[in-house]
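# Notes for the structure review
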Amino acid sequence: MNKLILVTGGTGYIGSHTVVELMNEGFDVVIIDNLSNSEKSVLNGIAEITGRRPFFEQFDICDKKRLHDFFRIYKKLDSIIHFAAYKAVGESIEKPLMYYQNNLTSLMNLLEGMIEFKIPHFVFSSSATVYGQPDQLPVNEEAPFKTADSPYGNTKQIAEEIIRDTVNANDNLKAISLRYFNPIGAHSSALIGELPRGVPNNLVPFITQTAAGVRNELKIFGDDYNTPDGTAIRDYINVVDLAKAHVVSIKRMIEQKSKSDLEIFNLGTGKGSSVMEIVNAFEKSTGEKLNYKIVGKRAGDVESVYADITYANKELGWKAEIGLEETLLSAWNWEKYLRNKKR
Ligand code: NAD
Ligand code: WQD
């Protein structure tokens, strides 16, 4: 399909992998990214993998006038996939207004542009964080929102409401909100991956940096949860599998298969893994020994969350295909690539 798709945040972690999958499927892509959390060199990785270069526009989507000019130039847009957002939970607690401002203004500017320029399809990056600690596991899309434990989480809950109200009020607009569980890993080529700034908050980048000797030791946050080995459980999903679900979502809207104006899908593997299981799987797949120690729980962490993926499976015909060990190996290969580049 040679339709033109706008990918906001397309030089970021999940965005870059999605751009690759879209281009592999024949879509044309234009990226908007202000490079607040990514680098322009990501475009080289995308070009090397796909043999094509996406269009790239560097600016802040919160700049309404600039975005308006963009829509006037790129008249043939079919769909928007909106990744651009700030995503650090801890930082959002310290700087809530920065998070509400960036994550919600960017969304509203895009939706306004879609109405004015008649762009019919929207895919939104939501998060399992909207569920908090669910009452039932695996958690399905019908589960109620729990009070968000961070401004970041709040922005995802509010964003879904903004999208719902907007599609309800506009007949020609369709949206799909994808609730990601824990995206990890990198492209198998090791040419694109995650670029954490400073000390990583997330488990897998911390593990790979520890194995690479950048960090002294991994701190495992808590071993007295009510889980089989006492460490917390999450649903870790390969970023390429995740990226493919975006392509399927775009095609679903183009082919007019949506069952409602806003559809919501969980994107996970359906299987929970504990922190200790991730550590063991990393050591097994890479042959690297990890230096780790158990410390106290991290404030705000939930005990266990993993996805019910029945709905995504049935409606999107999508499921995760890449196993945990292969995914952790891809994360490690990416870390090694980064270290070599820095030498
Ligand atoms: P990322 O930080 O790697 O990518 C986001 C990109 O958006 C960055 O390149 C950044 O420079 C850009 N950006 C941010 N604000 C912008 C603005 N106002 N204008 C233009 N560009 C802007 O993050 P990611 O991990 O790829 O996450 C993508 C999306 O998925 C985010 O919406 C995030 O909240 C959501 N999400 C991520 C995870 C995760 O664990 N990575 C989990 C659930 C949901
Ligand atoms: C996973 C597990 C930690 C680091 C966060 C956001 C969520 C979503 C994804 C965007 C937890 C443990 C971690 C470490 C550890 N992002 N851990 N030592 O917290 O499930 O989700 O990222 O939407 O909103 O909250 O992911 O990778 O930080 O942690 O023991 O150094 O690893 O306690 O149990 P989390 P994570």
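For the structure given in this document, a descriptive report is provided here. Remember, it's a predicted structure, so these values are computed and weren't measured experimentally.

Packing of helix 1 (residues 13-24) against helix 2 (residues 42-50) brings their axes to within 10 Å, and their N-to-C directions diverge by 30°. Taken together, the axis directions place helix 1 and helix 2 in an arrangement best described as roughly parallel. In this structure, helix 1 meets helix 2 at a crossing whose hand is right-handed. Where helix 1 abuts helix 2, its residues S16, V19, V20, M23 and N24 lie against V42, I46, I49 and T50. Partitioned by chemical class, the residues of the contact of helix 1 with helix 2 number six nonpolar, three polar and no charged.

This paragraph deals with the site of ligand 1. Taken together, 27 residues sit near ligand 1, with D33, N37, S38, N102 and Y152 positioned nearest. Taking S38, its side chain carries an N or O atom lying 2.7 Å from an oxygen atom of ligand 1. Here a nitrogen atom of ligand 1 sits 2.7 Å away from a polar atom, N or O, in the side chain of N102. Protein burial of ligand 1: of its 820 Å² of free accessible surface, 95% is covered by the chains. Looking at the shell around ligand 1, the elements that each hand over two or more residues are helix 1, strand 5 (121-127) and helix 6 (151-169). Sort the elements by how many residues they give to the shell around ligand 1 and strand 5 lands first, with three residues.

The geometry of helix 3 (residues 64-73) relative to helix 5 (residues 96-117) is characterised by a closest axis approach of 10 Å and an angle of 35° between their N-to-C directions. Our pair here, helix 3 against helix 5, has a crossing hand that is right-handed. Mapping the contact onto sequence places K64, L67, H68, F71 and R72 in helix 3 and N109, L110, E112, G113, E116 and F117 in helix 5. When its residues are assigned to classes, the contact of helix 3 with helix 5 shows four nonpolar, three polar and four charged.

Examined against the element boundaries, G213 turns out to sit in the loop between helix 7 (203-211) and strand 8 (218-221). Among the residues examined, G213 registers a relative accessible area of 57% and is labelled exposed. Taking the C-alpha atoms as reference points, G213 and N172, 41 residues apart in sequence, are found 52 Å from one another.

This brings us to the pattern of salt bridges. One pass over the full model with this rule turns up 21 salt bridges. A salt bridge links E25 to K251; the nearest nitrogen and oxygen atoms lie 2.6 Å apart. Linking E25 in the loop between helix 1 and strand 2 (28-32) with K251 in helix 8 (residues 239-254), this pair joins segments that are 226 residues apart in sequence. Classification of E25 as partly exposed rests on a relative accessible area of 39%. K251 sits in the partly exposed class, given a relative accessible area of 24%.

Conventions we followed
- Residues numbered from 1 in each chain as written.
- Chains lettered and ligands numbered in written order.
- Predicted model: local features only at pLDDT ≥ 70, side-chain atom pairs only at ≥ 80, totals over all residues.
- Heavy atoms only, no water.
- Axes fitted to C-alpha atoms, helices over the stretch in contact; angles between N-to-C directions.
- Helix = DSSP H or I, 4+ residues; strand = E, 2+ residues; numbered from the N terminus.
- Parallel < 35°, antiparallel > 145°, perpendicular 65-115°, else oblique.
- Left-handed = near helix turned anticlockwise from the far one by under 90°.
- Contact = heavy atoms within 4.5 Å.
- Nonpolar A, V, L, I, M, F, W, Y, C, P; charged D, E, K, R; others polar.
- Near = heavy atom within 4 Å.
- Polar contact = N/O pair within 3.5 Å; in protein donor to acceptor, adjacent residues only side chain to side chain.
- Areas by Shrake-Rupley, 256 points an atom, 1.4 Å probe, with all protein chains shown as cover.
- Buried < 20%, exposed > 50% of the residue type's maximum accessible area, 1.4 Å probe, protein only.
- Salt bridge = Lys/Arg side-chain N within 4 Å of Asp/Glu carboxyl O.

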